[in-house]
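# Coordinate inspection notes
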Protein chains: 2
Amino acid sequence: MSSKLESLQLRYEEAKAKNLDLDMRRGKPGSEQLDLTLPMLDLVTSSDYKTAAGADTRNYGGIDGIPEMKTFFKEFLEVSSEDEVIVGGNSSLNLMHDTVARAMSHGVVGSELPWSKLGKVKFLCPSPGYDRHFSVCQHFGIEMITVDMTPEGPDCDQIEKLVAEDDSIKGIWVVPKYSNPTGITCSEEVVSRLAKMTTAATDFRIFWDNAYSVHHLADEGYQLANIFELCKAANTLDRVFIYGSSSKISFAGSGVAAMAGSKANMDWMKGHLSMSTIGPDKINQVRHMRFFKDFDGLKSHMKKHAEIIKPKFDTVIEVLEAELGGKGVATWTKPNGGYFISLDTNEGCAKRVVELADAVGVKLTGAGATFPYKNDPKDSNIRLAPTFPSIDEIRQAMEVVCLCVELADAEK
Amino acid sequence: MSSKLESLQLRYEEAKAKNLDLDMRRGKPGSEQLDLTLPMLDLVTSSDYKTAAGADTRNYGGIDGIPEMKTFFKEFLEVSSEDEVIVGGNSSLNLMHDTVARAMSHGVVGSELPWSKLGKVKFLCPSPGYDRHFSVCQHFGIEMITVDMTPEGPDCDQIEKLVAEDDSIKGIWVVPKYSNPTGITCSEEVVSRLAKMTTAATDFRIFWDNAYSVHHLADEGYQLANIFELCKAANTLDRVFIYGSSSKISFAGSGVAAMAGSKANMDWMKGHLSMSTIGPDKINQVRHMRFFKDFDGLKSHMKKHAEIIKPKFDTVIEVLEAELGGKGVATWTKPNGGYFISLDTNEGCAKRVVELADAVGVKLTGAGATFPYKNDPKDSNIRLAPTFPSIDEIRQAMEVVCLCVELADAEK
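Residues numbered from 1 in each chain as written. Chains lettered and ligands numbered in written order. Predicted model: local features only at pLDDT ≥ 70, side-chain atom pairs only at ≥ 80, totals over all residues. Heavy atoms only, no water.

Now for the relation of the copies chain A and chain B. For these two chains of identical sequence, chain A goes onto chain B by a turn of 180 degrees and a shift of 0.0 Å along the axis, with RMSD 0.0 Å. A rotation of that kind, with that shift, is consistent with a two-fold axis. (Least-squares fit on C-alpha atoms with pLDDT ≥ 70 in both.)

This part is about the domain arrangement of chain A. Residue and element names in this part refer to chain A. On domain assignment, one finds that chain A holds domain 1 (3–27 + 299–411) and domain 2 (46–294). The centre of domain 1, based on its C-alpha atoms, is set 30 Å off from the matching centre of domain 2. Contacts between the two partners involve 25 residues from domain 1 and, on the opposite side, 28 residues from domain 2. Between domain 1 and domain 2, a total of about 2,400 Å² is buried, with carbon and sulfur atoms accounting for 65% of that surface. (Domains from an automatic or database assignment. Contact = heavy atoms within 4.5 Å. Buried area = accessible area lost by both parts, 1.4 Å probe.)

Any two packed helices are characterised by the angle at which their axes cross and by the distance between the axes. Residues and elements named next belong to chain A. Remark: helix α6 (residues 156–165) packs on helix α7 (residues 188–196), axes separated minimally by 11 Å, with the N-to-C direction vectors making an angle of 0 degrees. Judged on the interaxial angle alone, α7 and α6 are roughly parallel. Contact residues: α6 offers C156, D157, I159 and E160, while α7 offers V190, R193 and L194. Looking at the contact of α6 with α7, its residues break down into four nonpolar, no polar and three charged. (Axes fitted to C-alpha atoms, helices over the stretch in contact; angles between N-to-C directions. Helix = DSSP H or I, 4+ residues; strand = E, 2+ residues; numbered from the N terminus. Parallel < 35°, antiparallel > 145°, perpendicular 65-115°, else oblique. Nonpolar A, V, L, I, M, F, W, Y, C, P; charged D, E, K, R; others polar.)

So, on to the interface of chain A and chain B. Contact residues are listed per partner, giving 55 residues for chain A and 55 residues for chain B. Carbon and sulfur atoms supply 50% of the area that chain A and chain B bury against each other, a total of about 4,400 Å² over both sides. It is R58, Y60 and M275 of chain A that lose the most area in chain A upon contact with chain B, and together they represent 18% of the buried surface on that side. At the junction of chain A and chain B, the tally comes to two salt bridges. A salt bridge links R58 of chain B to D35 of chain A; the nearest nitrogen and oxygen atoms lie 2.7 Å apart. Those elements that provide at least two residues to the side of chain A that touches chain B are α2 (31–35), α4 (92–106), α5 (131–139), α9 (263–276) and α10 (282–292) of chain A. At six residues, α4 of chain A tops the list of elements feeding residues into the side of chain A that touches chain B. Classifying every residue of the side of chain A that touches chain B by side-chain character gives 19 nonpolar, 24 polar and 12 charged. (Salt bridge = Lys/Arg side-chain N within 4 Å of Asp/Glu carboxyl O.)

Listed below in structure tokens is the structure:
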């Protein structure tokens, strides 16, 4: 046994003795972030619960949201009219799931058949990506095709070839800005190619999960090209479903979610929605509007989030650089926004790293979770979520992670 | 032309001259009822938003509800354990729709195949019934078989025969208490027979929409036999899905919905839910628990509702009796709870009554809406919803309705 391996093992035993209990898995806001929104809870009272126009919000109805919230999400999701917006409940995952469910049971605008009646339905899954997107596909028996993530976004050479040839490919998941977990923002070229590309399926859909659109870590943030405008120009406006929510802006469990797209797509969705609900929680929408006032208000609010979480991201990067810099055992992303840092070990080490870390009390997202079928072909990607733990916890956890990366690499 | 018809037509022309604008369609609480719940809006504040046990409610998680709300709905929906309850979002229609959607896409506990993969799926629809139940069936291509409503509930002779013979009959909709629109409460015999009957389908389900379980108009209210216990005794516990909500108790748009059933059924539902959401709005659950405190608190609250709406129901009945009593042109229900009065004209008159009333400014629920495919074979049922308008408006509207019933009858 090499002395290097021995020394790493010794350090690992020392870490074990500390009886740590740390968790870097949770892509959710920390308490300090949630505190920023607390005043919202005082803004609707028994004497004051109406919309800006004075409408009563307590009864049934308003299936696509109160007027000012539709205007708010029109700006947020960057479409041109309130008719292109549906404000939902508290979960954009729910809106995405239900869109897929309805496409399966009934088809979308332009479908000849419900997708479930086709022999096979496939989705492109840029990876590493968001595990819950992949779960939705798996749940509905949709075959997932892994597409590489490049520093510019999903690999469009791969995508264009696949969608042009295979009409059973009906969709693609994209987290276009500060992607989960890589932090990548799609370049204008990528967005444009996605809007313009020729698809064999006439009812192909881009599921544009813009979950981190305003979640900048740097002051200015990255600009993302407007896919809705690019689709409009390319005459492919029905191609894109856009999603967003205030879950990681206001309260993760009690936020407001919305979707946007062509009027034809929204009418399709509203037709389905009218079967399943008599409307969303409008009182909570009033609460949100009073707190944010408008989209500029939301952007100011996000600067306060950045002040809280940027030091946490910096701590992860700092420990990674200090412990692993120049050692050739791993690479990592330095995102300008979002909720995650993506760590890539050398091939065949990620599972072992997660296992080693777990055994000393540091919980990491399961290796493979960021790929379809939980199968990372290179076994190298690990998703780090720095928002929830404290900076001290992050530092301790990351020191263990770095040690485990070195140890797993040395073991091989 | 008979002088009676002439005299009715004269009165109708006089009614027309009044330029009325009245609406008896809306099965939703009136403002005065909603006012009863207003104090709830002050019970969660920026300094006080935690569960009874002190858990933070602002973040993701808790897919089946906060503990005290599960206990609350355990009593409300009359099951025996919190494991038999799922607290959802703001809509029980949403829970029902999603249960059917999941049965179609995946099947339920005990299904050999997803229901959508079977040649045909049929539901029994006791009628007159709730139009949105029927819409869900139609939306998913489920064939609806009309079953008669008797004064004891759905006709079990018909039901037992049908479900014993036809394994494509997978479900039945039942509003067991103060039924929409007849106001009927199922007798113990009916509940027991539904629990015990032999079904050809191994995965038959009763969709027990107990929407009006606590919506008494009389002091004591009717007792409804406990289907969960009866199914348990009959060894058919997976047969029943039970639904309820606070929509017509707290705020119609911002209430809390829940479902209940066997642990196997709830685990099945939670498996699906975990694909589509990271949890319901827990802050709103805290608001509800603080307001009601417990199920007894809710029952007291419902007495206040009854005080407001009973005079409205009484007004409908009073006008019907005064104007149509003994004339042989119509019969009507005198419900002890719920949200509706069901008016039956002689055969072939209901559509004409709705048309006549509409032409003089009194809007009624479309004739046929209470039957599958909006097709009332006798064209006689009209649903009256007295909760939303004022007593004055109800009186004026009902005088027109009665006149239109007489006129339509005389025209024939």
